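Below, each chain spelled out in residue letters.
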Amino acid sequence: MVAVGLEGLRLIASYKNIHMQVLRYPEKASWEIICRRPVMDLPSLETSVEKILQEVSEKGDQALKEFTLKFDNVIVNDLEVSPGEMDEALKLIPSDLKNAILLAKQNVEKFHSAQPEQIRIIETMPGIRCWRKSVAIEKVGLYIPGGTAPLFSTLLMLAIPAVIAGCREIVICSPPGKDGKLHPAILYAAHLTGITRIFKLGGVQAIAAMTFGTHSVPRVFKIFGPGNQYVTCAKQLAQRYGVAIDMPAGPSEVGVFADDTADPAFVAADLLSQAEHGPDSQVFFVCSSEQVLENVQQQLAIQLGLLPRRNFAAKSLENSTLVLVNNEQEAMELLNEYAPEHLILSCKNASALAELVVNAGSVFIGNYSPESVGDYASGTNHTLPTNGHARAYSGVSVDSFVKKITFQQLTPEGLKNIGPSVELMAAAEGLQGHKNAVSIRLAQVSLDENI
């Protein structure tokens, strides 16, 4: 249970009337509507974002400084973090936080180090060898959100697989605080990963800088990292200019299924851990018991009133959904329809139900697997697809930072074995040039054999 004092009781009372959408036994035909996320005004958003992109493209560093003053209310003379700023930041981190960040770094590194694939040469026919090789993307940009919450954990999640993949140039952008500096924990996390190209840039202007390149900021080939709707839109528009992105990613979200074996306080804490990200974050709670539904709502009121970021969380809960279903099978079908970024299974048969998951970014199994652990230090990556994109996208991994290049090598024997089939197929498609590229070689092989 959560202990509360007199101040806590006052806060609880003020948050008891938070309105959350509660649905009881909704018909399957309505599930698609239930699972919809809030829709943004995309045309208006794209217009304002595109203007910023174009201005950075034309004016470079000058535009970056102007937008930083306009949006962050900060004057930044030197966009890049200096060695002196890094040294100063390292002295400001308490030793216990340093140890915690180091622990997280080690776990994330251990999990991701097992991901690179070994080259396997496959002989598809005698004389024909094919293989695939992972090659690091040469230049990548990592966007690390700041603002109301400096996400140094995101830096670990992006930088570590980039380093393991072997990316030659890794650039970090993160919005400066009111003092014109980056949060010391962000710089300490960068220091642990060995990345030194760090820029005091946030929002659309940061994405623009990495898309086009400026005098100070290098252009990159792929941009990673979460952000608000403006950053997300900027990343999507960056693709028009030849820059790849990790995935479409918007506000954070969590889906939870709980049965009678779940602890309502645990469940409420999990829901609030996502809701506190911001007013546009979303929680989607599914349960198979009316009593569990009531108990979780009570715990939400208690714990919400005690959160420092309760105003963010309260707004998020107003846009969230609590659903009562008939059984666990129906719950899993609904959650797969929702395709959450994070999925928590707080139930008796959690391991068995986890096997039924087909749409989710990351899954947390059992009552003692809080989503917060995955966010920080278990080892899995927390940069995950949101907004239903888990139906088709994976979270960030070492694979995200490499390209897969295929190779093939044929001997004369191999060409003889496969050549006639290729000639027939090329001729059937009306591509005589393709056929000739094989035929001229087969003629030479035949000539060599008869010498």
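Everything quoted here is computed from the prediction, not taken from an experiment.

1. Looking at the sheet that holds strand E14 (residues 402-410)
In spatial order, the strands read E2-E3-E14; together these 3 strands make up an open sheet with antiparallel pairing. If you trace the sheet from one side to the other, it starts and ends with strand E2 (122-125) and E14, each paired once. Taking the axes of each pair of neighbouring strands and ignoring which way they run, one obtains an average angle of 30 degrees across the sheet. Note that E2 and strand E3 (residues 128-136) share 3 bridges and pair antiparallel. Pairing of Met125 across the sheet is with Ile128, part of E3. Running at roughly 95 degrees to E14, helix H17 (residues 412-428) makes contact with E2, E3 and E14 of the sheet.

2. Thoughts on the side chain of Thr193
Its location among the elements puts Thr193 in helix H8 (residues 184-193). A distance of 2.9 Å separates the side chain of Thr193 from the backbone oxygen of Ala190, its partner in a polar contact. Look past the residues within four positions of Thr193 in its chain and what remains in contact with it is Leu155, Leu156, Ala159, Ile160 and Val163.

3. Section: the confidence of the model for the protein
When the pLDDT values of the protein are averaged, the result is 93; 95% of them are 70 or greater. Taken as a whole, residues 4-15 scores under 50 in pLDDT and shows 16 contacts with residues more than four places along the chain or in a different chain.

4. Examining unusual backbone geometry
Leaving glycine out, the prevailing phi sign among residues is negative, and the prevailing peptide bond configuration is trans. Its identity as a non-glycine residue notwithstanding, Asn73 has a phi of 60 degrees, on the positive side. Relative to the helices and strands, Asn73 is located in the loop between helix H4 (61-72) and helix H5 (83-92). The exposure class of Asn73 is exposed, given its relative accessible area of 56%. One non-glycine residue, Asn387, lies in the positive phi region at around 60 degrees.

5. Regarding the sheet that holds strand E5 (residues 169-174)
Strand order in the open sheet formed by 5 strands is E6-E5-E4-E7-E8, and the pairing between neighbours is parallel. With one partner strand each, in any of the chains shown, strand E6 (197-200) and strand E8 (244-245) form the two edges of the open sheet. Strand direction decides the pairing type here: strand E4 (residues 139-143) and strand E7 (residues 222-224), joined by 3 bridges, are parallel. In the sheet register, Gly141 faces E7, and the bridge partner there is Ile223.

6. Here's the deal with the environment of Met247
Examined against the element boundaries, Met247 turns out to sit in the loop between E8 and strand E9 (253-258). Once the C-alpha coordinates of Met247 and Ile121 are considered, the two residues, 126 residues apart in sequence, prove to be 30 Å apart. Beyond its immediate chain neighbours, meaning those up to four positions away, Met247 contacts Lys235, Thr383, Leu384, Pro385, Tyr393, Ser394, Gly395 and Val396.

7. Digging into the packing of aromatic side chains
Taken as a whole and assessed by the stated rule, the structure comprises 6 aromatic pairs. Between the aromatic rings of Phe212 and Tyr241, the centroid separation amounts to 5.0 Å while the plane-to-plane angle is 65 degrees, which identifies the pairing as edge-to-face. Of this pair, Phe212 sits in helix H9 (residues 203-212) while Tyr241 sits in the loop between helix H10 (229-238) and E8, and the two are 29 residues apart along the sequence. Arranged with centres 5.5 Å apart and planes meeting at 75 degrees, the rings of Phe266 and Tyr368 form a pair that is edge-to-face.

8. A few points about the packing of helix H3 (residues 42-59) against H10
Orientation of H3 relative to H10, taken along the N-to-C sense of each, is 70 degrees, at an axis distance of 10 Å. Taken together, the axes of H3 and H10 lie roughly perpendicular to each other. The hand of the H3/H10 crossing is right-handed. Touching Leu45, Glu46, Ser48, Val49, Glu50 and Leu53 of H3 are Gln229, Tyr230, Cys233, Ala234 and Leu237, all from H10. Considering only residue class, the contact of H3 with H10 consists of 7 nonpolar, 2 polar and 2 charged.

9. A few points about the nonpolar core
Membership of the largest hydrophobic core comes to 41 residues, with the highest contact counts inside it found for Val140, Leu142, Leu155, Ile172, Ile198 and Phe401. Those elements giving two or more residues to this core turn out to be H5, helix H6 (95-113), E4, helix H7 (152-165), E5 and H8. A per-element tally of this core places H7 first, with 9 residues. Non-local contacts of Phe401, meaning those with residues more than four positions away in its chain, are made with Ala136, Ile137, Val140, Leu142, Leu158, Pro161, Ala162, Ala165, Cys167, Phe224 and Val396. Counting 31 residues, the second-largest nonpolar core is a separate cluster that includes Leu53, Ala63, Cys233 and Ala234.

Definitions and limits used
Residues numbered from 1 in each chain as written. Predicted model: local features only at pLDDT ≥ 70, side-chain atom pairs only at ≥ 80, totals over all residues. Heavy atoms only, no water. Pairing = 2+ DSSP bridges. Helix = DSSP H or I, 4+ residues; strand = E, 2+ residues; numbered from the N terminus. Axes fitted to C-alpha atoms, helices over the stretch in contact; angles between N-to-C directions. Contact = heavy atoms within 4.5 Å. Polar contact = N/O pair within 3.5 Å; in protein donor to acceptor, adjacent residues only side chain to side chain. pLDDT = per-residue confidence, 0-100. Buried < 20%, exposed > 50% of the residue type's maximum accessible area, 1.4 Å probe, protein only. Phe/Tyr/Trp six-rings, centres within 6.5 Å; stacked < 30°, edge-to-face > 60°. Parallel < 35°, antiparallel > 145°, perpendicular 65-115°, else oblique. Left-handed = near helix turned anticlockwise from the far one by under 90°. Nonpolar A, V, L, I, M, F, W, Y, C, P; charged D, E, K, R; others polar. Core = buried A, V, L, I, M, F, W, Y, C linked by side-chain atoms within 4.5 Å.

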